[in-house]
Amino acid sequence: MPELPEVETTRRGLAPHLIGRTVTALDIRQPRLRWPIPRALREKLPGQRIDAIERRAKYLLVHTKAGSAILHLGMSGSLRVLPASTPVGAHDHVDWRLDSGKVLRYTDPRRFGSQLWQAPGKVHPLLAGLGPEPLSDDFDGDSLFLRSRGRSASVKVFLMDQAIVVGVGNIYASEALFAAGIHPGRAAGAVSRERYQRLAAAVKQILAHAIERGGTTLRDFISPDGVPGYFEQELFVYGRTGEPCRVCATPVRASVIGQRSTFHCPRCQR
Ligand SMILES: [Zn+2]
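An account of the accompanying structure is given in this report.

Thresholds, definitions, all that
Residues numbered from 1 in each chain as written. Predicted model: local features only at pLDDT ≥ 70, side-chain atom pairs only at ≥ 80, totals over all residues. Heavy atoms only, no water. Helix = DSSP H or I, 4+ residues; strand = E, 2+ residues; numbered from the N terminus. Buried < 20%, exposed > 50% of the residue type's maximum accessible area, 1.4 Å probe, protein only. Donors = N, O, S within 2.8 Å, 3.2 Å for Na, K, Ca; no water. Tetrahedral: all angles 85-135°; square planar, octahedral: opposite > 155°, others 65-115°. Core = buried A, V, L, I, M, F, W, Y, C linked by side-chain atoms within 4.5 Å. Contact = heavy atoms within 4.5 Å. Salt bridge = Lys/Arg side-chain N within 4 Å of Asp/Glu carboxyl O.

Positionally, His 124 belongs in the loop between strand S8 (114–118) and helix H3 (141–148). Judged by relative accessible area, which is 16%, His 124 ranks as buried. As for His 124 and Thr 241, which are separated by 117 residues in sequence, their C-alpha atoms are 40 Å apart.

Put into structure tokens, the structure is as follows:
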């Protein structure tokens with residue numbers, strides 16, 4: 001599933017091909033994505049020049065004077081800029097034709113992604129109530145500490161709550177908790193300020209590193225037969241059940257917290 005670093009890498013890969021371009025027409029072969037593609041997008045986007053492409057959580061916002069398209073990759077979606085003559089595959093649901101002679105092609109075998117519309121000056125309900133971006137200064141250990149007081153839910157569930165901080169998915173939550181030495185099942189309200197400072201720093205470091213690594217796969221997003229290059233992280237605990245911890249050699253343990261697979265080292269994480 002595309003996580004925040006993959007979405008940010010997609011944004012960076014698409015930006016030079018989209019900004020300043022005009023969307024001349026849309027080819028919508030399958031309008032039924034996670035939600036139907038709204039009429040407002042179909043009516044307002046053609047003819048518009050793309051002014052900017054921004055990421056908020058795992059959404060891409062493509063800004064024009066008439067409003068903003070909100071794109072989400074769901075479980076299996078990808079976006080590529082291709083020559084308009086590139087043959088269309090079974091899962092290529094939407095093309096935005098561009099005045100450059102290329103198309104922005106949305107491919108999504110499972111159709112859990114979305115293309116929605118936000119009118120100028122409005123905030124789409126999906127974007128309202130989102131917490132701070134993890135790489136921004138608004139996200140830090142002090143705010144995690146303050147917001148966690150009195151909470152008995154686990155620190156991992158707390159960290160994955162989009163109202164607390166956006167875009168920290170299961171893999172990155174597991175890895176950041178390992179880096180900070182915090183047991184994922186510990187009550188959020190029972191984690192000290194110092195440990196939240198370590199946790200916030202770990203989240204930033206791990207996401208920034210993943211985005212940096214994504215820089216080497218950018219060409220995949222624009223090559224006609226390129227597959228989007230998701231990261232093969234150097235994972236410490238995620239998916240490593242029974243394998244030796246890379247720090248202390250204790251077997252990594254798997255559990256289920258908040259209905260999600262969770263991995264931790266019983267010795268390094270308390
Ligand atoms: Zn360990």
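What follows deals with the coordination of the zinc ion. Here the zinc ion is held by Cys 245 (SG), Cys 248 (SG), Cys 265 (SG) and Cys 268 (SG), and the distances to it run 2.2 to 2.4 Å. Here the zinc ion is ringed by four donor atoms whose angles at the metal span 99 to 113°, and the overall shape comes out tetrahedral. Between consecutive donor residues of the zinc ion, the sequence gaps follow C-x2-C-x16-C-x2-C. Here Cys 268 lies in the segment after strand S10 (260–264) and Cys 245 lies in the loop between helix H6 (193–214) and strand S9 (253–257), a separation of 23 residues in the sequence. For Cys 245, a relative accessible area of 4% corresponds to the buried category.

Here we come to the nonpolar core. Formed by 26 residues in total, the largest nonpolar core has its most connected members in Leu 144, Leu 159, Tyr 196 and Leu 199. When contributions to this core are tallied by element, the ones reaching two or more residues are H3, helix H4 (155–159), helix H5 (170–180) and H6. Among the elements that line this core, the one with the most residues is H6, at eight residues. Setting aside residues no more than four positions away along its own chain, Leu 199 makes contact with Leu 144, Val 155, Leu 159, Ala 176, Leu 177, Ala 180 and Ile 182. Counting 25 residues, the second largest nonpolar core, distinct from the first, contains Leu 71, Leu 73, Val 94 and Leu 104.

This part is about the pattern of salt bridges. Oppositely charged side chains can form a pair if their charged atoms are brought close together. Summed over the entire model, instances satisfying the criterion amount to 17 salt bridges. The partner of Glu 8 in a salt bridge is Arg 55, with the nearest N and O atoms 2.8 Å apart. Pair noted here: Glu 8 is in helix H1 (residues 4–18) and Arg 55 is in strand S2 (residues 52–56), with a separation of 47 residues, a long-range link. Across the salt bridge formed by Arg 55 and Glu 133, the nearest N and O atoms sit 2.8 Å from each other. Taken together, the residues span a long stretch of sequence, with Arg 55 in strand S2 and Glu 133 in the loop between S8 and H3 at a distance of 78 residues. Using a relative accessible area of 15% as the deciding quantity, one classes Glu 133 as buried.

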